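Architecture and fold: a report
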Amino acid sequence: MHAKQAAALSGVTVKALKYYEAIGLVEPARLGNGYREFGAHDIDLIKQVKELTALGLSVKGTRPFIECLRQGHVHGDDCPESLSAYHREIERLDALVGQLLARRQMLHARLFSAAARGFTTVTERYGLPENLPVPVDDGSAEHLVGATLPALALPATDGSMVKLDEVSDGRWVLFVYPTTGVPGQDMPRGWDEIPGARGCTPEACGFRDNLAHLRSAGLDALYGLSVQPSRYQRELVARLRLPYAMLSDPAFALGDSLGLPTFEAGGLRFYKRLTMVISGRTVEYVFYPIFPPNEHAGNVLKWLREHNPD
C-alpha cells in the first residue's frame, strides 16, 4: 500500500508517517519506480509509535520498542531496553509532578495571602453592598422555640466531633449560615439578589469580635454551622482568625431533625440564616430572619444581657 493508505490505516497523518521514516522508525520497501510500499508489519510499527506517544513518550523515545518488534518479539516492551524506557519516562513524570505540586502550593499560598488582605479590609468596616434585599419572616422558624436538639454529632473545624446534646448544660449559641465565599471560586449566580444570603463573613467576624462580651453575658459556647465541608470551613477559620469552631452539616442532618428553613441557589441547597440561643438541649430563643448580618452579633449580645439570670 502507498503512504496515504498506510497513514489512513494507522491513524496518523502522511506528514507524521514521513517523519517516522526519516528518523528510521519505519523502513518501507521501495518499488522499481521509487514509490514506497508499506506492509502489515510497517502498520504495526506505526501503531506502536502512536500508542506510545499518546502515553507521553517522544517519537524518538519509542525507538527501543520499535527495535524490539523488529527483533521478532510479539510486544514492543518484551525487551529490557523497552523497560528501561518506561522507567525513564516515569522518572521524568515524577519530577514534573513534583514541580507542579510545588507551583500549586506557591499559588495556594499567594491566593490565601491575597484573599486574607481583601477580607480583612471588608471585615474591619463590616462592609456590605448597598441595596441588598431584606429577608422577611416567612414563619418557617416559629416552631423552633422549645425544640430539643437531637443526639447528633457533627464534625468541627478543630478536628473534634461535637455532640449537640452535650455541648453545655448552660446557655450557648448556634448560628446557622448559608455559605461563605471560597477564595478563587464564584458564588452561585444571583447570590446578592437572594434575601438574607449575602453577609456570612461579616456575621462570622461580628461574633469573633464580640466573643469576649458574649461570654461575659453568660454564654458558655458558640458555634457556627453550614453545609460546607470542614476543609472549606477550616480555611475560613484560619483566614479570619476565628476563636470558635464551625460545624459541617452537608447532609442537612440537623435541618431534617429540627425542620430548619432552607433555600436553593445555583442548583444547590443551603440553610437560611438563623441563630438559636440554646439552654442545654432546648432552644430558648431564635433570631430569624437576620438583617443586616454584620450587626447580628451585637443584637445577640443585647438579648443575652437583657436575659442574663445573674
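So, how was this worked out
Residues numbered from 1 in each chain as written. Predicted model: local features only at pLDDT ≥ 70, side-chain atom pairs only at ≥ 80, totals over all residues. Heavy atoms only, no water. Patch = residues over 30% accessible without salt bridge, like charges linked within 9 Å, V, L, I, M, F, W, Y side chains within 5 Å. Areas by Shrake-Rupley, 256 points an atom, 1.4 Å probe, with all protein chains shown as cover. Salt bridge = Lys/Arg side-chain N within 4 Å of Asp/Glu carboxyl O. Helix = DSSP H or I, 4+ residues; strand = E, 2+ residues; numbered from the N terminus. Buried < 20%, exposed > 50% of the residue type's maximum accessible area, 1.4 Å probe, protein only. Pairing = 2+ DSSP bridges. Axes fitted to C-alpha atoms, helices over the stretch in contact; angles between N-to-C directions. Contact = heavy atoms within 4.5 Å. Disulfide = S-S within 2.5 Å. Phe/Tyr/Trp six-rings, centres within 6.5 Å; stacked < 30°, edge-to-face > 60°. Polar contact = N/O pair within 3.5 Å; in protein donor to acceptor, adjacent residues only side chain to side chain. Core = buried A, V, L, I, M, F, W, Y, C linked by side-chain atoms within 4.5 Å.

1. Some details on a nonpolar patch on the surface
A cluster of nonpolar side chains, contributed by Leu93, Leu96 and Leu100, occupies part of the molecular surface with about 230 Å² of accessible area. Topologically, Leu93 is positioned in helix α5 (residues 80-125). Exposure remark for Leu93: the relative accessible area of 35% places this residue in the partly exposed category.

2. Some points on the sheet that holds strand β10 (residues 274-279)
Strand order in the open sheet formed by five strands is β7-β6-β5-β10-β11, and the pairing between neighbours is mixed. Of all strands in the sheet, those with a lone pairing partner are β7 (245-248) and β11 (282-287), marking the two edges. Recorded for the sheet is a direction-independent mean angle of 25° between the axes of neighbouring strands. In terms of strand pairing, strand β5 (residues 171-176) meets strand β6 (residues 221-226) through five bridges, oriented parallel. Bridging across to β6, Phe175 finds its partner in Gly224. Relative to the sheet, helix α6 (residues 200-216) contacts β5, β6, β7 and β10, its axis offset from that of β5 by approximately 160°.

3. Notes on the pattern of salt bridges
Per the counting criterion, the structure on display carries 11 salt bridges. Glu235 is the salt-bridge partner of Arg239, the closest N and O atoms lying 2.6 Å from each other. Highlighted residues: Arg239 and Glu235, both in helix α7 (residues 230-240), separated by four residues, approximately one helical turn. The partner of Arg269 in a salt bridge is Asp256, with the nearest N and O atoms 3.9 Å apart. Of this pair, Arg269 sits in strand β9 (residues 268-271) while Asp256 sits in helix α8 (residues 253-258), and the two are 13 residues apart along the sequence.

4. Looking at the state of the cysteines
The final tally for this structure, using the stated rule, is one disulfide. Residue Cys68 pairs covalently with Cys79 via a disulfide, S to S 2.1 Å. Residues Cys68 and Cys79 are joined through a disulfide that is right-handed, its torsion about the S-S bond being 85°. With Cys68 in helix α4 (residues 63-70) and Cys79 in the loop between α4 and α5, this pair connects stretches of sequence that are 11 residues apart. Cys79 carries the same exposure label as Cys68, and that label is buried.

5. Looking at the packing of aromatic side chains
Across all of its chains, the model carries 11 aromatic pairs by this definition. Consider the rings of Phe175 and Phe207, whose centres lie 4.5 Å apart with planes at 15°: the pair is stacked. Of this pair, Phe175 sits in strand β5 while Phe207 sits in helix α6, and the two are 32 residues apart along the sequence. For Phe175, a relative accessible area of 0% puts it in the buried group.

6. So, the side chain of Glu89
You can see Glu89 is positioned in helix α5. Only 2.6 Å separates the side chain of Glu89 from the side chain of Arg92, close enough to count as a polar contact. Once residues within four sequence positions are removed from consideration, Glu89 is found in contact with Gly56 and Leu57.

7. Side note on the nonpolar core
Counting residues in each nonpolar core, the largest one holds 35 residues, and the members touching the most others are Leu164, Leu174, Leu247, Leu254 and Met276. Those elements giving two or more residues to this core turn out to be β5, β6, β7, α8, β8 (262-265), β9, β10 and β11. With residues near it in sequence (within four places) discarded, Leu247 still touches Leu154, Pro155, Ala156, Val162, Leu164, Leu174, Tyr223, Gly224, Leu225, Ser226 and Gln233. Of all hydrophobic cores here, the second largest spans 26 residues; its members include Tyr177, Phe207, Leu240 and Tyr244.

Any functional reading would require information beyond the geometric quantities listed.
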